[in-house]
Amino acid sequence: MFTINDNGISFVSGKKTAKVCLCLLLLNGNAFALDFGIISAVKKKVSELKEKKDQATQGTASYALAPQTQSLSSETNSQLLSVSQDSSTFRFSLQAQQIGSLKSGEIMMSTQGEGYLKKVVSVTNTGTDYVVQTETATLEQAFESLNVEFSQGLSQSDLAPQSAKPMWLAEGVRYKPSAVEKEFTVEIASAVLYDADGNSSTTYDRVIAVGTLKFKVTLDGKIVIDFFDLKEFKISKAIEETASLEIKSEANYQFTKEKTLAKFYFSPITVGPIILVPEVAVVVGGIASVGYKVTTSIAQTAIYTAGLWYAKGAWKPIQNYTSSFQYNQPSFGAQGNIKGYAGPQLSMKIYGILGPYINADGYLNLVAQSSPPNLNWTLYGGLEGNGGVKMNVLSLAKLDYSSTIFDWQVVIASGSKNANHAPTLTWTGESNYTLDGLNPEEGDTSTNFVFHVKYTDQAGDTPASGYPKVNIKKGAVAISGSPFTMTKVSGDYSSGAVYTYSAALSGGTDYSYSFVAQDSYGTTATNSSCQ
């Protein structure tokens, strides 16, 4: 026997049921065609239950919806009145007949706009509208089978419409439209990574990033579900990037700071029944423990692929890269390290819910180590990044995963510089020694002339043996025994040590004097000529 039901025509024989497409009734030996309206409805239902194979808007897709999944028509979507802020409550007009027939436990799927995939908790007819309470549905609940694959290069024309604010730029950042359709350029005039006092009117206490970032992004992905089970999930970004970045620090700081400079919002990508919305954020950051002023810059050209792949019950990173560097000689005044990085970071929404993210940034890292009197420095360039999946549209067992994708660096350059600070010689500021280093300034052959000078070294380095010295001349010629070693009177070297020397002089009016000093590394003191 056979029956016609909601699922099509079934032929029943014992315990076996087989669907057939024969649309004839045998009655009294005569063949009569079924009503063509019934035939059409049966064919439509059978078609829906068969595996669908679509040429997707941006890729290829084949899928079979679960029996409980209802794909909302464009007419039904047009009857949507509002959605709550948490996206759990939907209001439709009473004209949305498809909503009126929904039952608790069924899944409503929309491919309009960013799309949504929701499991129905309840449907209430208030008399003026339908109120649908929902919770997030997973892909595995919505699809019996699914196989979608896509590859899409993002272009300037893919940006969201102007009315939807296609981008956001931080202060000091400019987007430069490119003649190359799939290239994005961000110019960083002056991005403040760190401001010690938080006062924008002061600039001496800042760490600043300056540069340009050009990039192209291609997205690749694949989702495979078989009999309500996730078999494969792959998402990756291929980047072509040219970045020039300079990091400047004006003082001694320790900080870790990351700043988003720009965000690019793109129109939805339709892949069969799947709706993807990519977002690219341009991020610059720094990690530093620096002393005194530091400036370091680098230019990097990189081509790399970064992503995540789930298959056979396990996750693994996708990674491939080539990179080249150019650099300018770094300048610094003390030991420490400063690391600066920049790059485009990708996040993706699936049915309007934040899904996978991929962060991979090129960086430079300047490390300076003290080996008195020198500072030995090494400049590294590298690529580092991570990725993850945190979303409710995949099964709970697999939704929260993160992994390091890149952690690679290479030595670009290294060197050594004499980082010793020269000591200084100044007047002591004592009574009779505020404007010069001699008291008294007049006398006779029995007068004891006393010379004073202050020796200061920022690093607290001691004077070289025999220093400071005072050089006494009569006319243009040094007197016998000059220059004379002075004796320490008081103080420490970092804040200032006072030295003295006294002598009786023969008669004359053409005497002059000056002081000279060196530290223990042989660096000559500044401000050493005092007459």
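Everything numeric in this text was worked out from a predicted model, so none of it was measured.

Draft legend 1. Highlighting the pattern of salt bridges. Following the criterion strictly, the structure yields 7 salt bridges and no others. Close ionic contact of Asp129 with Arg91 constitutes a salt bridge, the shortest N to O distance being 2.8 Å. You can see Asp129 sitting in strand β13 (residues 129–136) and its partner Arg91 sitting in strand β10 (residues 89–93), a full 38 residues away along the chain. For Arg91, a relative accessible area of 31% corresponds to the partly exposed category. For Lys349, the salt bridge goes to Glu114, with nearest N and O atoms at 3.9 Å. Remark: Glu114 occurs in the loop between β11 (107–110) and β12 (116–125) and Lys349 occurs in strand β25 (residues 336–350); sequence separation between them is 235 residues.

Draft legend 2. Quick peek at the nonpolar core. Counting residues in each nonpolar core, the largest one holds 77 residues, and the members touching the most others are Leu139, Phe143, Phe215, Phe233, Phe264, Ile274 and Tyr351. Listed in part, the 19 residues of the second largest apolar core include Phe451, Val453, Tyr455 and Ala497.

Draft legend 3. Layout of the environment of Asn376. Take Asn376: it is sitting in strand β27 (residues 374–390). Here Asn376 falls in the partly exposed class, since its relative accessible area comes to 34%. Measuring from C-alpha to C-alpha, the distance between Asn376 and Ser414 comes to 7.6 Å, with 38 residues separating the pair along the chain.

Draft legend 4. Highlighting the packing of aromatic side chains. Evaluation of the coordinates by the stated rule reveals 18 aromatic pairs. Taken together, a centroid distance of 6.2 Å and an interplanar angle of 70° make the contact between Phe215 and Phe264 edge-to-face. Of this pair, Phe215 sits in strand β18 (residues 206–226) while Phe264 sits in strand β20 (residues 253–265), and the two are 49 residues apart along the sequence. By the burial criterion, Phe215 is buried, and Phe264 matches it. With a centroid separation of 4.9 Å and an interplanar angle of 10°, the aromatic rings of Phe484 and Tyr501 are classed as stacked. A residue pair is termed long-range when its members are at least 10 positions apart, and Phe484 in strand β34 (residues 484–485) and Tyr501 in strand β36 (residues 496–503) qualify at 17 residues. Accessibility assignment for this pair places Phe484 and Tyr501 in one class, buried. Three or more aromatic residues joined by ring pairs form one cluster here, namely Tyr175, Phe184, Phe215, Phe264 and Phe266. Against the face of Trp309 rests Lys234, its NZ or CZ located 4.9 Å from the ring centre. Taking NZ or CZ as reference, Lys488 lies 4.4 Å from the ring centre of Tyr493, over its face.

Draft legend 5. Highlighting the pairing of β18. Across 9 bridges, strand β14 (residues 143–153) lies against β18 in antiparallel orientation. Considered in β18, the bridge of Val148 is made with Ile223. Bridge analysis of strand β17 (residues 184–195) against β18 gives 9 bridges, and the strand direction is antiparallel. Following the sheet pairing, Thr185 is matched in β18 by Lys214. In this sheet, strand β19 (residues 229–249) lies alongside β18 in antiparallel orientation, the contact comprising 20 bridges. Residue pairing across strands places Ile225 opposite Leu230, the latter belonging to β19.

Draft legend 6. The arrangement of unusual backbone geometry in detail. Cis rather than trans, the peptide bond between Tyr467 and Pro468 has omega equal to 0°. Position of Pro468 among the secondary structure elements: in the loop between β31 (449–456) and β32 (469–474). Cis geometry marks the peptide bond from Ser482 to Pro483; its omega dihedral reads 5°.

Draft legend 7. Summary view of the side chain of Lys118. Checked against the element boundaries, Lys118 lands in strand β12. Buried within the structure, Lys118 lacks any salt-bridge partner; Asp86 is the closest side chain of opposite charge, at an N-O distance of 7.4 Å. At a separation of 2.9 Å, a polar atom in the side chain of Lys118 contacts the main-chain carbonyl oxygen of Ser87. If near-sequence neighbours (up to four positions away) are discounted, Lys118 is found in contact with Ser87, Phe90, Glu106, Ile107, Met108, Thr134, Glu135, Thr136 and Ala137.

Draft legend 8. Region of the structure containing the sheet that holds β10. Spatially, 6 strands are ordered β8-β11-β12-β13-β10-β9 in an open sheet, and the strand pairing comes out mixed. At either end of the open sheet lies a strand with only one pairing partner, and these are β8 (69–71) and β9 (80–83). Sheet twist, expressed as the average angle between the axes of neighbouring strands with direction ignored, equals 35°. Where β10 meets β13, 5 bridges bridge the pair, whose relative direction is antiparallel. Looking at β13, one finds that Arg91 is bridged to Val131.

Draft legend 9. Broad picture of the confidence of the model for the protein chain. For the protein chain, per-residue confidence averages 81 on the pLDDT scale, and 82% of positions sit at 70 or higher. Of all helices and strands in the protein chain, the one with the weakest mean pLDDT is strand β4 (residues 24–27) (30), whereas β10 scores best (98).

Draft legend 10. Seen up close, the environment of Leu394. Among the secondary structure elements, Leu394 is positioned in the loop between β27 and β28 (400–418). Given the relative accessible area of 0%, Leu394 is considered buried. Taking the C-alpha atoms as reference points, Leu394 and Gln141, separated by 253 residues in sequence, lie 9.1 Å from one another.

Basis of the calculations
Residues numbered from 1 in each chain as written. Predicted model: local features only at pLDDT ≥ 70, side-chain atom pairs only at ≥ 80, totals over all residues. Heavy atoms only, no water. Salt bridge = Lys/Arg side-chain N within 4 Å of Asp/Glu carboxyl O. Helix = DSSP H or I, 4+ residues; strand = E, 2+ residues; numbered from the N terminus. Buried < 20%, exposed > 50% of the residue type's maximum accessible area, 1.4 Å probe, protein only. Core = buried A, V, L, I, M, F, W, Y, C linked by side-chain atoms within 4.5 Å. Phe/Tyr/Trp six-rings, centres within 6.5 Å; stacked < 30°, edge-to-face > 60°. Lys NZ or Arg CZ within 6 Å of the ring centre and 35° of its normal. Pairing = 2+ DSSP bridges. Lys, Arg positive; Asp, Glu negative; His and termini not counted. Polar contact = N/O pair within 3.5 Å; in protein donor to acceptor, adjacent residues only side chain to side chain. Contact = heavy atoms within 4.5 Å. Axes fitted to C-alpha atoms, helices over the stretch in contact; angles between N-to-C directions. pLDDT = per-residue confidence, 0-100.

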